[in-house]
Amino acid sequence: STAGVAQEARALVEKMTEAMGGKDTFYSLGDVEYTYTYHDQVGDKKDVSLERYLFDGELSWAQFSVREKFAHPNIEGTIVQGYDGENFWTTINGVSSEDEQIVGFSRFLRKTNYYWFSMFFKLLDNGINYEKLDPQSVDGIEYHRVKITFGENVGDASDIYVLFINPETYLVDQFLFTVKAFNVTDPLLMEVKYTEVDGVKLPTWRRYAPANWDAEIQKEAWTAEISENVKFGNGFTKADF
């Protein structure tokens, strides 16, 4: 039955989350600070930010130290972005920007960076649909595959994910995803490696390139996303955002 297959798919996601240390363990850590590097390897351009999140309310803050790619490379000065639970904001040299594009970029990045960091623990949230696909062999490993779609009012609702869950470790070694916000309907393939910090495994090394739904890379145009110096339990409060 369809319900049975969806249940089986969700059970795989639950096993994956447990393999990473568990959702409860992750959220009990309270908050996080880390250095995030977004590296377009084709043009060799980087954006580097110090990221801070408070898990309760998904509050988010970042200060950029390098801005070569997307993070307003043409603007001089110190840029800080944030989300305080109600508003997305950006300051340039301490002054709030009223520019809709600048604030819109903050909205996109604050949501996106938080999502990528905590994604595997968020895949058990309400309003998510699971579908078990046929296994697929990659480099001699017969992966479990789970297709994920999002209900109304969940994230950027129309995106699709296909997780490749390793049958030995139950970690997601790679996944396909779409970015409908940028009208990209062909998927990207994300490869993932993990670091364990305070009992949870985190996708601290990721890279993606254009692919097809068979998970074949269409173009060796890789972008890497690297998280370093991850520190949990910094005692951040809502006032810090």
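One structure accompanies this document, and this report is about it. (Residues numbered from 1 in each chain as written. Predicted model: local features only at pLDDT ≥ 70, side-chain atom pairs only at ≥ 80, totals over all residues. Heavy atoms only, no water.)

What the protein contains, in helices and strands, is three helices and 13 strands. At 18 Å, the protein has a C-alpha radius of gyration in line with the 18 Å of a compact globule built from 241 residues. Dimensions of the protein, computed from the C-alpha atoms along their principal axes, are close to 55 × 40 × 35 Å. Taken across its 241 residues, the protein has 49% of its residues classed as buried. The long-range share in the protein, meaning contacts at least 24 apart out of those at least 6 apart in sequence, stands at 48%. Accessible surface computed for the protein: about 11900 Å², of which carbon and sulfur atoms make up 47%. (Helix = DSSP H or I, 4+ residues; strand = E, 2+ residues; numbered from the N terminus. Rg over C-alpha atoms; globule rule 2.2 N^0.38 Å. Buried < 20%, exposed > 50% of the residue type's maximum accessible area, 1.4 Å probe, protein only. Contact = heavy atoms within 4.5 Å. Areas by Shrake-Rupley, 256 points an atom, 1.4 Å probe, with all protein chains shown as cover.)

A few words now on the pattern of salt bridges. Summed over all chains, the structure comprises twelve salt bridges. For the salt bridge of Glu33 with Arg52, the shortest nitrogen-to-oxygen distance reads 2.7 Å. Of the two residues, Glu33 sits in strand 1 (residues 31-40) while Arg52 sits in strand 2 (residues 45-54), which places them 19 residues apart along the sequence. By relative accessible area, Glu33 is classed as buried at 13%. In this structure, Asp125 engages Lys122 in a salt bridge whose closest nitrogen and oxygen atoms are separated by 3.2 Å. Overlapping salt bridges bring together Lys23, Glu58, Lys122 and Asp125 as one network. (Salt bridge = Lys/Arg side-chain N within 4 Å of Asp/Glu carboxyl O.)

In the case of a regular strand, side chains alternate between the two sheet surfaces. As defined by bridge partners, strand 1 adjoins strand 13 (residues 223-232) across eight bridges and the pair is classed as antiparallel. Within strand 13, the position partnered with His39 by the bridge is Ala224. The pairing of strand 12 (residues 200-210) with strand 13 spans four bridges and is antiparallel. Bridge pairing links Arg207 to Ala224 in strand 13. (Pairing = 2+ DSSP bridges.)

Position of Arg110 among the secondary structure elements: in helix 3 (residues 100-122). Separated by 49 residues in sequence, Arg110 and Trp61 place their C-alpha atoms 7.3 Å apart. In this structure, Arg110 is in contact with Glu51, Tyr53, Ser60, Trp61, Ala62, Gln81, Gly82, Tyr83 and Phe88, ignoring residues within four places of it in sequence. A distance of 2.8 Å separates polar atoms of two side chains, one belonging to Arg110 and the other to Glu51. (Polar contact = N/O pair within 3.5 Å; in protein donor to acceptor, adjacent residues only side chain to side chain.)

All we've got here are geometric facts, nothing functional implied.
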